[in-house]
Amino acid sequence: QQPVQSPQAVILREGEDAVINCSSSKALYSVHWYRQKHGEAPVFLMILLKGGEQKGHDKISASFNEKKQQSSLYLTASQLSYSGTYFCGTVQTGANNLFFGTGTRLTVIP
Amino acid sequence: DAGVIQSPRHEVTEMGQEVTLRCKPISGHNSLFWYRQTMMRGLELLIYFNNNVPIDDSGMPEDRFSAKMPNASFSTLKIQPSEPRDSAVYFCASSLREYDSPLHFGNGTRLTVT
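Here is what the cut-offs are and how they apply
Residues numbered from 1 in each chain as written. Chains lettered and ligands numbered in written order. Predicted model: local features only at pLDDT ≥ 70, side-chain atom pairs only at ≥ 80, totals over all residues. Heavy atoms only, no water. Pairing = 2+ DSSP bridges. Helix = DSSP H or I, 4+ residues; strand = E, 2+ residues; numbered from the N terminus. Axes fitted to C-alpha atoms, helices over the stretch in contact; angles between N-to-C directions. Buried < 20%, exposed > 50% of the residue type's maximum accessible area, 1.4 Å probe, protein only. Polar contact = N/O pair within 3.5 Å; in protein donor to acceptor, adjacent residues only side chain to side chain. Contact = heavy atoms within 4.5 Å. Buried area = accessible area lost by both parts, 1.4 Å probe. Salt bridge = Lys/Arg side-chain N within 4 Å of Asp/Glu carboxyl O. 1 Å grid on protein atoms, 1.4 Å probe; cavity = no way out; pocket = protein on both sides within 12 Å on 5 of 7 lines; lining within 4 Å. Points joined across faces, edges and corners; volume = space filled by probe spheres on them.

Caption draft 1: Looking closely at the sheet that holds strand β8 (residues 74-79) of chain B. Residues and elements named next belong to chain B. Strands sit in the order β1-β3-β8-β7 across an open sheet of four strands; the sheet is antiparallel. In this open sheet, the two strands that pair with only one neighbour each are β1 (5-7) and β7 (65-71). Neighbour-to-neighbour, the strand axes of the sheet open up by a mean angle of 15°, direction not taken into account.

Caption draft 2: The arrangement of the side chain of Gln 5 of chain A in detail. Residue and element names in this part refer to chain A. Relative to the elements of secondary structure, Gln 5 occurs in strand β1 (residues 4-6). On the accessibility criterion, Gln 5 (5% relative accessible area) is buried. Among the polar contacts made by the side chain of Gln 5, one reaches the main-chain amide nitrogen of Gly 103 at a distance of 3.1 Å. Setting aside its immediate chain neighbours within four residues, Gln 5 contacts Ile 20, Asn 21, Cys 22, Trp 33, Tyr 86, Phe 87, Cys 88, Gly 101, Thr 102, Gly 103 and Thr 104.

Caption draft 3: Looking closely at the interface of chain A and chain B. In this assembly, 17 residues from chain A lie in contact with 18 residues from chain B. Approximately 1400 Å² of surface area, both sides summed, lies buried where chain A meets chain B, with 58% of it carried by carbon and sulfur atoms. Its largest share of buried area at the contact with chain B, chain A owes to Pro 42, Asn 96 and Phe 100 of chain A, together 33% of the area lost on that side. Our count for the chain A to chain B interface comes out at zero salt bridges. Our count for the chain A to chain B interface comes out at five residue pairs in polar contact (both at pLDDT 80 or more). Every element with two or more residues in the side of chain A that touches chain B is listed here: β4 (28-36), β5 (42-49), β9 (84-92) and β10 (98-100) of chain A.

Caption draft 4: Seen up close, the layout of surface pockets. There is about 910 Å³ of room inside the largest pocket. Lining the largest pocket are 34 residues, and of these Gln 36, Phe 87 and Arg 105 of chain A together with Gln 37 and Met 39 of chain B lie nearest its centre. Elements represented by at least two residues in the lining of the largest pocket include exactly β9 and β11 (104-109) of chain A together with β4 (31-38), β9 (88-95) and β11 (109-113) of chain B. With four residues, β11 of chain B is the single largest residue contributor to the lining of the largest pocket.

Caption draft 5: Highlighting unusual backbone geometry. Residue Pro 7 of chain A follows Ser 6 of chain A across a cis peptide bond; omega there is -5°. If you trace the backbone, Pro 7 of chain A turns up in the loop between β1 and β2 (9-13). Here the bond from Gln 80 of chain B into Pro 81 of chain B is cis, since omega is -5°, no more than 30 degrees from zero. Structurally, Pro 81 of chain B is set in the loop between β8 and β9. Positioned with a positive phi, Asn 52 of chain B is a non-glycine residue whose angle comes to about 75°. Looking at where Asn 52 of chain B falls in the secondary structure, it is placed in the loop between β5 (42-50) and β6 (53-56). Judged by relative accessible area, which is 28%, Asn 52 of chain B ranks as partly exposed.

Take a look at the structure:
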């Protein structure tokens, strides 16, 4: 039930782009994305609901393909502040639970 | 708003002792969640409440764990007796409408059981 994230870790230079993928074996109702910095709480980034939604703010955006049960998070022109661990959380259709993936550790270097 | 408030921030206790973690959700939020985070298992849902009623407690590890939400502004997670394998960071989160709205996490309680 836990979604699978890839890659597990990625290192970027400032200004480079990254894509983080999240996939589930179950039909999904929605996908959440959070970022957690070391020693801190997860912070909400966005929610995508079924319907092939695509959202974005600033230089972080995401897509949700419900047919493929997949979501991707896009980070463009990365900044040092983007460093952290990114988690997707999936809510299965008809379920009342949000399962978090194992996370993707993103490190942005100067 | 002050956000979700958890206490204590750190708790060190000996095996067999009772531990109580506390959480004050954001005012107006109808749903409250208790998550546990470890390196091995990641973020796991323990239990969640909607309008103070437990909805899903399937993630509670065993009878040693119990959670209550006596009113809309307070929840507790109790472990009795505690064991070393309970060592983890415990997060409380709240949301306006279950999983249809963002989860706002508290700063967590780092529990160490020796």
